[in-house]
There are 2 protein chains.
Amino acid sequence: MPVTIVDVARKAGVSTATVSRVLHKSPKVDATTRARVRETLEELGYSPNIPARSLVTKRTRTVGLVITTIADPFFADIVRGVEDVAIENDYGVILCDSNADPEREMATIRLFQEKRVDGIIVASSRVGDLYLGLLEKTKVPVVLVNNEKTGSYVYSVGTDDVAGGEMATEYLIQLGHRRIGYIAGLADAKSTYDRLTGYRQALRKHGLPFDSSLLAPGNARPDGGLSGMNQLLTDCPSLTAVFCYNDLTAIGALKALRIAGKSVPDLVSVMGYDDLLFAAYSEPPLTTIEQRKYDLGAIAMRMLLDLQSGVESVSNNVLEPRLVIRESCSPAKS
Amino acid sequence: MPVTIVDVARKAGVSTATVSRVLHKSPKVDATTRARVRETLEELGYSPNIPARSLVTKRTRTVGLVITTIADPFFADIVRGVEDVAIENDYGVILCDSNADPEREMATIRLFQEKRVDGIIVASSRVGDLYLGLLEKTKVPVVLVNNEKTGSYVYSVGTDDVAGGEMATEYLIQLGHRRIGYIAGLADAKSTYDRLTGYRQALRKHGLPFDSSLLAPGNARPDGGLSGMNQLLTDCPSLTAVFCYNDLTAIGALKALRIAGKSVPDLVSVMGYDDLLFAAYSEPPLTTIEQRKYDLGAIAMRMLLDLQSGVESVSNNVLEPRLVIRESCSPAKS
DNA sequence: GGTTGATGTGTAAACGTTTACATCAGCAAT
DNA sequence: ATTGCTGATGTAAACGTTTACACATCAACC
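Chains are numbered independently. Their residues run from 1 in the order of the written sequence. Each chain is given a letter, starting from A, and each ligand a number, starting from 1, according to the order in which they appear as written. Local features in a predicted model are, by the rule used here, given only for residues with pLDDT of at least 70; side-chain atom pairs are given and counted only at 80 or more, and totals for whole chains, interfaces and linings are based on all residues. Only heavy atoms go into the side-chain values, all of them from the structure, while hydrogens and water stay out.

So what about empty space enclosed by the protein? Which residues, and what values?
A cavity, in this analysis, means grid points on a 1 Å lattice covering only the protein atoms where a 1.4 Å probe fits yet has no way out; a pocket is instead an open set bounded by protein on both sides within 12 Å along at least five of seven lines, and a residue lines either one if it has an atom within 4 Å of a point. Grid points are joined across faces, edges and corners, and a volume is the space filled by probe spheres set on the points. Summed over all chains, the structure comprises four cavities of 30 Å³ or more. Put simply, the largest cavity is a space of about 190 Å³. Together, 14 residues line the largest cavity, and Pro51, Thr62 and Lys115 of chain A together with Pro51 and Thr62 of chain B are the ones closest to its centre. Secondary structure elements with two or more residues in the lining of the largest cavity: helix 4 (50–57) of chain A together with helix 4 (50–57) of chain B. For this scheme, ten residues count as nonpolar: Ala, Val, Leu, Ile, Met, Phe, Trp, Tyr, Cys and Pro. Four count as charged, namely Asp, Glu, Lys and Arg, and the remainder, Gly too, count as polar. Of the residues assigned to the lining of the largest cavity, the class counts are six nonpolar, six polar and two charged. What counts as a helix is a DSSP run of H or I of at least four residues, what counts as a strand is a run of E of at least two, and both are numbered from the N terminus.

Put into structure tokens, the structure is as follows:
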């Protein structure tokens, strides 16, 4: 039913090869034929069949994108970055929300393989070592976001989370805080540990002891922040500041503090991470560490594009985080 | 390089037709051959080439999804719904963030066409009438989310926004409010007007006059809520409640009120719409109208699936909104 | 011991492209 | 008049599947 290249060829009185050539702007075609073919293309409303083309070119102009969950605005921005550069280059993005479910992730990877995507971007912080091997076997280039496992065909782009964690903690220390809590993210995410490492480095640098009772588990979501903060409040009533794995965790912590009647930042300072849209709208507005979320996605996609076109110089990228000061942190009362 | 069906056929000593048959669980194949082929499939690590298959079946097992912007968590939930049922059925979803840019939307639709998607879900509230015609021409089924333009090949699923707007407004009226503002969403979105219609219906029902100075423009984002609220505060200082197009608008309004020193809900009640994750975490927690965002996406995808399998009974769906009472609205002080 | 029917398997065409190679026309140089 | 180019175009194979159709085998029947 849809019009094919042979319909066009017949109507324009040329061969399919010629039509294909004008479609690809090949120089080897006479100006008048080109014009005639163009006209016929237009007239018939031809639309190329990409799957058919892929069969011979072995390129699908499609990439796969795996993320932990689109419900987290942090990932939403990464997706935007990927999308934007993809569409600019006539690429399609197949999105897959892994929901942190390993089985689901495997299904996703299998789907990507079967669809013969040209590359895969994985922004699911947990990157099964399980399937990294599987990925390498397929020989399709992979770019990891905020994760640094490497191997052949595997590249990465990320934020320096150790530096971010250190920056956040150091700011609190400089405000005079001595008892600073940390509410963690997903237990198996690299970023959770990197930020914790930064936190410990800052403490050490300033000669402060590390006290594991100041650590609370979280889940990178508000409910985890709420429960983590509650735990901290009972375990360490003396704390005066808390560094949260991310902004979602922070708004949970803010709620816990509000319920407990501890005013922020007067009694407790709260530091977030990510600088999501709503960070500027919370009460109080959140002091946080900015990650260039959009750029993370855009760069990842560009790396894939470079890889496609054979640019060998693709290097692993690390972006620097930045402190954004708002009103949720204030000097410690002595 | 990758192993094909003929590699498998050769190695298993059968024809490609037979391999294809076991791949499709056709009953017409002997148990022992089936076992042998299965084994070979496994051994060689065969992965079907979907683009090649599509060429003959004319099905790509891929759908296109257009949304206004993934930065709005409302759409993120729709995406989750679509994704979930898609992957369950071995479908891939090509996501496209239109950014409310018509040119971009056209590029997207073209891409979808060329990739020969099996169906398209449009959750971009503005649905160019421009390209609806274009869509019909391609004869690929389309499901519109929260939008009701209809035509052949076009189906829809949405929330009853008029009812939602009425429900929100009526609740405020019942709390004793008489001067109720409305901060709008994107100017060309149907939902903006539907919710406004509901608002007006509620006023009429209760014999309250409609006063256009109680209307402020917005943009479905926090900054629009902030400026809209500021406008309302200067134009109508007597208002005691405001109905916001969505929760994002509401958090902007909350911030404006905080800055103006008007306490919520004591002096001004604020009503949201959508019931996003953070609605329960704002200060004060937001009273809002819940939309079944996830279901909107899941149903849309299921409709597409039904359409694929020739189920003719696909009907347009409308979901009922629900009032979620938290703490941002209280009885009007008399 | 044919005929029938069922069952399992193979053959080959088709899907819509791209592209290596062949062909051809025109023309300049010999 | 032949040769050799050059540039434009056509021919046909290839990509990896699915599937209509044909074929072969075998059991069961009269």
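On we go.
Give a detailed account of helix 2 (residues 16–23) of chain B, specifying residues and quantitative values.
All names here are of chain B. Only protein chains enter the calculation, and the probe is 1.4 Å; a residue is then buried if its accessible area is under 20% of its type maximum, exposed if over 50%, and partly exposed in between. Of all the positions in helix 2, only Thr18, Val19 and Val22 are classed as buried. One side of helix 2 holds all its buried residues, which, seen down the axis, span an arc of 100°. The contact rule is simple, with two residues in contact once any of their heavy atoms fall within 4.5 Å. Its buried side turned inward, helix 2 meets helix 1 (5–12) and helix 3 (31–44). The arc in question is traced by the directions running from the helix axis to the C-beta atoms.

Account for the protein's contact with DNA strand D, naming residues and giving values.
Around DNA strand D, the surrounding shell holds 27 residues, and the nearest of these are Ser15 and Thr33 of chain A together with Ile5, Ser20 and His24 of chain B. Residues are classed as near a molecule or strand on a simple rule: at least one heavy atom within 4 Å of it. Of all DNA strand D atoms lying within 4 Å of any protein atom, the proportion belonging to sugar or phosphate reaches 67%. Here a polar contact means two N or O atoms within 3.5 Å. Within protein one must be a hydrogen donor candidate and the other an acceptor candidate, and residues neighboring in sequence count only if both atoms are side-chain atoms. Asp30 of chain A is positioned with one of its backbone polar atoms (N or O) 2.9 Å from a phosphate oxygen of DNA strand D. At 2.7 Å from a phosphate oxygen of DNA strand D is found a side-chain nitrogen or oxygen belonging to Thr33 of chain A. The residue inventory of the surface near DNA strand D, partitioned by class, reads 12 nonpolar, 10 polar and five charged.

Tell me about unusual backbone geometry, residues and numbers included.
Look at the link from Val264 of chain A to Pro265 of chain A: it is a cis peptide, with omega at 5°. Going from Glu283 of chain A to Pro284 of chain A, the amide bond is cis rather than trans, its omega being -5°. Positioned with a positive phi, Ala220 of chain B is a non-glycine residue whose angle comes to about 70°. Considering the arrangement of structural elements, one finds Ala220 of chain B in the loop between strand 7 (215–216) and helix 10 (222–235).

Outline helix 12 (residues 293–308) of chain B, supporting the account with residue identities and numerical values.
Residue pairs spaced three or four apart in an α-helix point in one direction, given the helix's 3.6 residues per turn. All names here are of chain B. Spanning 16 residues, helix 12 covers 23 Å between terminal C-alpha atoms, matching the ideal 22 Å at 1.5 Å per step. When you tally the buried positions in helix 12, you get 12 out of 16 residues, the bulk of the element. Taken together, the buried positions of helix 12 are Lys293, Leu296, Gly297, Ala298, Ile299, Ala300, Met301, Met303, Leu304, Leu305, Leu307 and Gln308. As for helix 12, its buried residues are in contact with strand 1 (62–67), helix 5 (73–88), strand 3 (119–123), strand 4 (142–145), strand 5 (154–159) and strand 11 (317–319). Any helix carries an expected span of 1.5 Å times its number of residues minus one.

For the relation of the copies chain A and chain B, give the residues involved together with the corresponding values.
Only residues with pLDDT of at least 70 in both copies count here: their C-alpha atoms drive the least-squares fit that superposes the copies. If you rotate chain A by 180° and push it 0.0 Å along the axis, it lands on chain B with an RMSD of 0.1 Å. Both copies are brought into coincidence by an operation consistent with a two-fold rotation axis. Here 100% of the contact residues of chain A are again contact residues in chain B; the copies associate through an equivalent surface.

I'd like a description of the pairing of strand 2 (residues 92–97) of chain A, backed by residues and values.
Residue and element names in this part refer to chain A. With six of six residues buried, strand 2 lies mostly within the body of the structure. Going residue by residue along strand 2, you find Gly92, Ile94 and Cys96 tucked away on one face and Val93, Leu95 and Asp97 tucked away on the opposite face as well. At least two DSSP bridges between two strands are needed for those strands to be called paired. Here six bridges tie strand 1 (residues 62–67) to strand 2, and the two strands are oriented parallel to one another. Each residue of the ladder has a partner; that of Ile67, found in strand 2, is Asp97. Where the polypeptide runs from strand 1 across helix 5 (residues 73–88) and back to strand 2, its parallel neighbour, the crossover connection is right-handed. Orient the strands so they point away from the viewer; a crossover is then right-handed if the path from the first strand over the helix to the second runs clockwise.

A description of the sheet that holds strand 8 (residues 241–244) of chain B should follow, citing residues and the corresponding values.
Residue and element names in this part refer to chain B. A sheet is described by the order of its strands in space; here four strands give the open sequence 7-6-8-9, paired in parallel fashion. Edge strands, defined here as strands with exactly one partner in the open sheet, are strand 7 and strand 9 (269–271). Pairing of strand 8 with strand 9, which is carried by three bridges, proceeds in the parallel orientation. Bridge assignment links Phe243 to a residue of strand 9, and that residue is Met271.

Before we move on, could you go through the pairing of strand 3 of chain B and cite the residues and values that matter?
Residue and element names in this part refer to chain B. Most of strand 3 sits out of view: five of its five residues are buried. In strand 3, alternate side chains face the same way, and those of Gly119, Ile121 and Ala123 on one face and Ile120 and Val122 on the other are all buried. By the bridge criterion, five bridges tie strand 1 to strand 3 in an arrangement that is parallel. When the bridges of strand 3 are listed, Gly64 appears paired with Ile120. Bridge count for strand 3 against strand 4 is three bridges, and the pairing is parallel. The residue bridging Ile120 from the neighbouring strand is Val142, located in strand 4.

Please provide a residue-by-residue account of the environment of Tyr46 of chain B, values included.
Residues and elements named next belong to chain B. Counting through the fold element by element, Tyr46 comes out in the loop between helix 3 and helix 4. Through-space distance from the C-alpha of Tyr46 to that of Thr4 is 6.8 Å; in sequence the pair is 42 residues apart. Setting aside residues up to four positions removed in sequence, Tyr46 forms contacts with Val3, Thr4, Ile5, Val8, Leu23 and Leu41.

Provide a residue-level description of the interface of chain A and chain B, including the pertinent values.
On the side of chain B, 48 residues touch chain A, which itself brings 48 residues to the contact. Interface area, chain A with chain B, both sides summed: about 4500 Å², of which 62% is carbon and sulfur. Buried area is a sum: the accessible area each of two parts loses on coming together, probed at 1.4 Å, counted once for each and added. Per-residue buried area on chain A facing chain B is highest for Ile87, Arg116 and Tyr281 of chain A; these three make up 15% of the total on that side. Salt bridge, as used here: a side-chain nitrogen of Lys or Arg that lies within 4 Å of a carboxyl oxygen of Asp or Glu. Linking chain A with chain B are four salt bridges, by the criterion used here. When the shortest N-O distance is used, the salt bridge between Glu283 of chain A and Arg258 of chain B registers 3.2 Å. Where chain A meets chain B, there are 24 residue pairs in polar contact (both at pLDDT 80 or more). At the level of elements, helix 4, helix 5, strand 2, helix 6 (102–114), helix 10 (222–235) and helix 11 (247–259) of chain A are the ones that each hand at least two residues to the side of chain A that touches chain B.

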